[in-house]
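Coordinates in review
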Amino acid sequence: MKTSIAVLMALALGSPAFAADYIGAAGVLEQLAAAAKRTPGEEKEKTPAEAWAARLKDFARISPTLEPKDAAARWLTLFDESDVLADFRRREYDPSDRTPGMADLFAVLPRPETWDALAAAIAARPLNAKDAVRGNALRMLGEMLSGDVAKLSPTMKDLQKAAVSETATVPINGYRTNGLASWVATLTEDAGVLGHLEEEIARFEKGEMSGGLEVPDLVTLIGAEKSEALLKRLLSLGSAELYVPLGDATREQAVRLATAMGAELKRPHWGLIHGISSAEVALYEVFLKRFPPTPDEMTRDYQRSLAEHLYLYGLIAAGRTADAAKLAIETSGRSAERTSTFSDVTPLINAGLTSQVQAFMREMLSKDPGLPFWGEFIGLSARAGDAPGALAFLRETAARPGLLPEAREEVESRLWAALLAADDVEQGVKVLHEALAAKMAKAAAKTPGTGRVPGLPGLGTSSPTVADEAADLALKLCELGRLLQRPELIEEGLKNVKTILAEKGAGDSDSNDALAKTTTLLLNLNRGDEAEALALASAVKAAKAAPENQTFRGAQDRYLSSLLTIYHRAGRPEDVVKLLTDAPDWEALDLADVLTRSAAGEQSLGYLAASSFAATGRKDEARKTVIALLSVEGGFDPGYELLLQLDGQAAMPALDRLAARDRFEERPLIWKAKLHLDAGQLEDAEKTIRAAIAIDPSDGEQGKGTRMRAYAILGDILEKRGDPAQAKTVRGAVEAIRLSEDADDWWEAGLLTRAVTMYEAALGHFADAYCIQSRLALHYSELGDEAKAELHYRRAYELMPESFGRVESHCFGCEGVFNGTRAQSIADKVFTKLAQTMPDKPQVSYLLAYLREEQGNYQEAAKLYRAAVKLDPQYLNAWEKLLALASRIAIPRADRQAAALAILRLDPLSRHGDHGFSDLGVRGKYGSITDLPALWKVLADTAALRSPPRVELFPLTATAADIERRRKAAAAAGMPSDPSVWTNSQSLPPATPSAALAEHVFLTELAQILQSR
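Residues numbered from 1 in each chain as written. Predicted model: local features only at pLDDT ≥ 70, side-chain atom pairs only at ≥ 80, totals over all residues. Heavy atoms only, no water.

A few words now on the overall build of the chain. Looking only at helices and strands, one finds 51 helices and two strands in the chain. Burial status across the chain gives 52% buried among its 1013 residues. When contacts within the chain are restricted to residue pairs at least 6 apart in sequence, long-range pairs at least 24 apart make up 69% of them. (Helix = DSSP H or I, 4+ residues; strand = E, 2+ residues; numbered from the N terminus. Buried < 20%, exposed > 50% of the residue type's maximum accessible area, 1.4 Å probe, protein only. Contact = heavy atoms within 4.5 Å.)

See below:
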């Protein structure tokens, strides 16, 4: 019997029209048990290295209670026992290898109070000439810990000599010690850096070294005249390839000199090409003429390949469209296995070069209509207000006589997108129907896919099958049906995508993506029973697969996560709890290990569990789980909502603890204000909500539907305080953002012209949203309406100081707001005036610094960032940007160290910036820290925040046989086989100060040298 249109419409709009028939958790588990295979295993004895690692753990446990001399002696005993370790070079390129190593020894260094005793004990040891590498490395450790950095440089030289000595136990290649030597050279600032460079040049000239050579900021260190002479000498080296010099002035000088030397060069220095300027384009052409490439070089030489891509971008940016198109076509004929950091034209668009990119794509498509550029070209045309022009060009191309069949297919497959973009919706839907039918017929006939992927030609490595392409079209049809409220489109899309999923194998990545999207769609339509059937079918396929063929977390585990979401959305909490209790295939031992793992619908497993515990009367488990979740995912609004449902006003202390855990997370304050509002404490509510807004006024890191929640609550507070006019204004901000978020959906669906209209309409709801003003400024600039663009730019810049907090998160479409000389000129006038009228507002200094950085005036930018942190020492983003400038100009080590320590202290969880503890290179943020006691103190002060004691929440079924099976699957996949690491926890600095300290650049380099001896 056919379902009526009325029923389908009700489903499309989210209203349940009939009772769903679920199998339920019990039925799911029964089917999975019948399909699964289980194999027991055996325990292994500990290796000598593993037994040594166990002694490290014992030492770490007792070392805080030991006297300094005793702690030092015991640690040195462990060092002497480290001969049981395997050669580091075996595990260096295999991060999954958990064999104990020297890094583990450094991770149990005793507390700083013992370091003088440890350094004295090391210094008293005689140096063994047969193992001078080990002896000198240990001496360097003692010198660093005691703060006797003056001795480090000569000891480093002794270590380098020993490393290549013929009498060494195991000679070490020079590259292993060069990184550490470069870092040690920076300890004496300018003199050390220049001295180390002279030594390296001499070694290159003698033929003792070859390969890459990093160049310091010579212009800043010795002036432009002396720098020029030294750079000429460097460029003349035949055995050294220069990498991007530190400091823009030095980089520009190196590029200019290399271009002028031309025929004198003995080798190309591809690493000098770091951007898309006209000077770098010219240098690439000099290198290309002087050193014409072989095919093998272009596919295997990473530096050359990267330079070629930047050259291509530079041609596009310069408007050399024909040259760019010619190069791109040549590139597309090379190996498809080549990869690059730059795989699309997004950087050019973000740089305000939309019109140049559009011209390039049109040229490319004119030459080869079969290229996969039509989607991007149609989108860019819509952004520029020329969707009809793109449609006309596509039709003109399709009518071209003699078009190759594959090119005709590519053109015709994009016609529906061009029609939708131009707002010819009915015709677009009709053509999409036809395209989907054709793809489904080809999929049934097992026709190979196109192998085309979006992006620049020759960069793609994946080859989507026809079935993948059909699934994408089917889901696109579903989304159009949802937005246009046309249930018949939803039904047709679902029918086709289900057919495709039925043919796919378990664990197929494209299948997983299509399944997740289809599941979410069915849940949004209140058709959870259909979503359950899809997830169960995939889970049964995974269960039937041999365990050794499953990936580390297992395909089945993903489908179980989807089933949790399905039962949660269906209001079946008992089924959620039963799956958590009885399913044998969770790739974890406790719910605490998978709290934040995403399931279908983008809900975390921790939230699904906590919500279901609460719904089944298990409130203590629900409370414990949701608080644990919020300790990790501090910005997760549904978790706070559940906490308030559980505890009401009694949730205040928990919110205070969460706020203290992360000073830059506004969510605890938002929900605390909600509690004040509910209790009628309006003054406290307004004070708290305004404090939340001040943290990050733009709220840009939140997702759809939750952004600007603070303003919604502020509106309610103002209404109750008798200020309806201001409440209406504030609520207008929320309404504007929601409309913009809806416009994003229309844009993603291909209804581009309508989306642009919605973005413009959003401004009418709240004209004082800087993000909307910014987006409109960019939009009018793309349209060529500079007068309107200038009005919106000016207003956006005026609003920015009040819209930026200490951790501002850029909102949608605002990334290019300082692009172009016209925009920068307007910003300069606005910010300079604001600096005069608001000299004590740190955001003004920060924004002016941000602008100076965009203009390339890095010295002035650094000065202004320093002013911002002086006005507000907790201005995290200002510290971040000041430290980042060290890659462009010489920033004194004292300033870099102060910034690095401030960042670690202010944001120990690394939640609000790209300052994870793995950034430890010579130019890295934490490589700037030489005061190890100060670093230890910061790490000790924040250890409890980074890694609170693990609390077991809810045991997930894991029998001995299950654990052994997972060990085998993990080993087969090259992953850790220890169940204790089967988690998806955040990558944070280790909890103990010693373990975190062991990741400092000095100790990581020293560990590598010691273990590769």
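Here the focus is unusual backbone geometry. Phi at Q485 takes a positive value of approximately 55 degrees, unusual for a residue other than glycine. Note on placement: Q485 falls in the loop between α26 (466-484) and α27 (487-503). According to the relative accessible area criterion, Q485 is partly exposed, its value standing at 43%. Positive phi values are uncommon outside glycine, yet N526 reaches one of about 60 degrees. Following the sequence through the fold, N526 ends up in the loop between α28 (509-524) and α29 (528-544).

Further remarks concern the environment of R572. Along the chain, the position of R572 falls in the loop between α30 (555-569) and α31 (573-582). Exposure remark for R572: the relative accessible area of 25% places this residue in the partly exposed category. Sequence separation between R572 and Y22 is 550 residues; the distance between their C-alpha atoms is 9.8 Å.

Moving on, we come to the nonpolar core. Counting residues in each nonpolar core, the largest one holds 295 residues, and the members touching the most others are W75, L234, L579, Y797 and F831. In contact with L234, not counting residues within four places along its chain, are L197, I201, L213, V215, L218 and L242. (Core = buried A, V, L, I, M, F, W, Y, C linked by side-chain atoms within 4.5 Å.)

Turning our eyes to something else, we now look at the packing of helix α7 (residues 115-123) against helix α8 (residues 132-146). Contact geometry of α7 with α8 gives a least axis separation of 8 Å together with a crossing angle of 150 degrees. Considering the angle they form, α7 stands roughly antiparallel to α8. As α7 runs across α8, the sense of the crossing is left-handed. Residue-level inspection shows W115, D116, L118, A119 and I122 of α7 in contact with α8, the latter providing L138, R139, G142, L145 and S146. Tallied by class, residues from the contact of α7 with α8 come to six nonpolar, two polar and two charged. (Axes fitted to C-alpha atoms, helices over the stretch in contact; angles between N-to-C directions. Parallel < 35°, antiparallel > 145°, perpendicular 65-115°, else oblique. Left-handed = near helix turned anticlockwise from the far one by under 90°. Nonpolar A, V, L, I, M, F, W, Y, C, P; charged D, E, K, R; others polar.)

The subject of this paragraph is the pattern of salt bridges. Tallied over the entire structure, the rule returns 52 salt bridges. Of the charged contacts, one joins E426 and R486 as a salt bridge, the two residues approaching to 2.9 Å between their closest N and O atoms. Of this pair, E426 sits in helix α25 (residues 425-444) while R486 sits in the loop between α26 and α27, and the two are 60 residues apart along the sequence. Looking at E426, the relative accessible area reads 53%, which means it is exposed. Linking D647 and R623 is a salt bridge whose minimum nitrogen-to-oxygen distance equals 2.9 Å. You can see D647 sitting in helix α34 (residues 637-647) and its partner R623 sitting in helix α33 (residues 619-632), a full 24 residues away along the chain. Here R623 falls in the partly exposed class, since its relative accessible area comes to 24%. In this structure, a network of salt bridges that share partners links the residues E409, K439, K442 and E469. (Salt bridge = Lys/Arg side-chain N within 4 Å of Asp/Glu carboxyl O.)

Here we come to the side chain of E530. Tracing the sequence through the fold places E530 in helix α29. In this structure E530 comes out as buried when scored by relative accessible area, which is 19%. There is a polar contact of 2.8 Å between the side chain of E530 and the side chain of R527. If near-sequence neighbours (up to four positions away) are discounted, E530 is found in contact with K498 and L522. (Polar contact = N/O pair within 3.5 Å; in protein donor to acceptor, adjacent residues only side chain to side chain.)

So, on to the confidence of the model for the chain. The share of residues in the chain with pLDDT of 70 or more is 80%, and the mean pLDDT across the chain is 80. Ignoring residues within four places in sequence, the model shows residues 1-19, a span with pLDDT below 50, making 21 contacts including any to other chains. (pLDDT = per-residue confidence, 0-100.)

What follows deals with the packing of helix α39 (residues 724-748) against helix α40 (residues 752-762). To characterise two packed helices, one gives the angle between the axes of the helices and the distance between these axes. In contact at an axis separation of 8 Å, α39 and α40 are set at 170 degrees when each is read in the N-to-C sense. Accordingly, the angle class assigned to the pair α39 and α40 is roughly antiparallel. Contact residues: A736, L739, S740, D742, A743, D744, W746 and W747 in α39; L752, R754, A755, V756, M758, Y759, A761 and A762 in α40. Its residues assigned to classes, the contact of α39 with α40 comprises 12 nonpolar, one polar and three charged.

So, on to the packing of aromatic side chains. The relation between two aromatic rings is expressed through the spacing of the ring centres and the mutual angle of the planes. For the coordinates displayed, the defined rule picks out 19 aromatic pairs. Consider the rings of W270 and Y284, whose centres lie 5.4 Å apart with planes at 50 degrees: the pair is tilted. Of this pair, W270 sits in the loop between α14 (248-261) and α15 (278-290) while Y284 is found in helix α15, placing the two residues 14 residues apart along the sequence. Y284 gets classed as buried once you look at its relative accessible area, which sits at 2%. Here Y846 and Y850 contribute two aromatic rings whose centre-to-centre distance is 6.0 Å and whose plane-to-plane angle is 85 degrees, an arrangement assigned as edge-to-face. Pair noted here: Y846 and Y850 are both in helix α44 (residues 842-855), with a separation of four residues, about one helical turn. Relative accessible area serves as the criterion here: at 0%, Y846 is assigned to the buried category. The structure contains a cluster of three or more aromatic residues connected by ring pairs, namely F804, Y846, Y850, Y865 and Y875. (Phe/Tyr/Trp six-rings, centres within 6.5 Å; stacked < 30°, edge-to-face > 60°.)

This paragraph deals with the environment of W270. Residue W270 is classed as buried on the basis of its relative accessible area of 2%. Each C-alpha atom, one on W270 and one on R304, is 5.5 Å from the other, the two residues being 34 residues apart in sequence. Excluding residues within four positions of it along the chain, W270 makes contact with E241, Y284, F287, L288, D301, Q303, R304 and A307.

This part covers the side chain of R251. Relative to the assigned elements, R251 resides in helix α14. For R251, a relative accessible area of 10% corresponds to the buried category. Setting aside its immediate chain neighbours within four residues, R251 contacts V244, P245, H274, S887 and R888.

This part takes up the environment of L432. Topologically, L432 is positioned in helix α25. Spatially, the C-alpha atom of L432 lies 9.0 Å from that of A474, the residues being 42 residues apart in sequence. Setting aside chain neighbours within four positions, we find L432 in contact with W416, L473, K476, L477 and L480.

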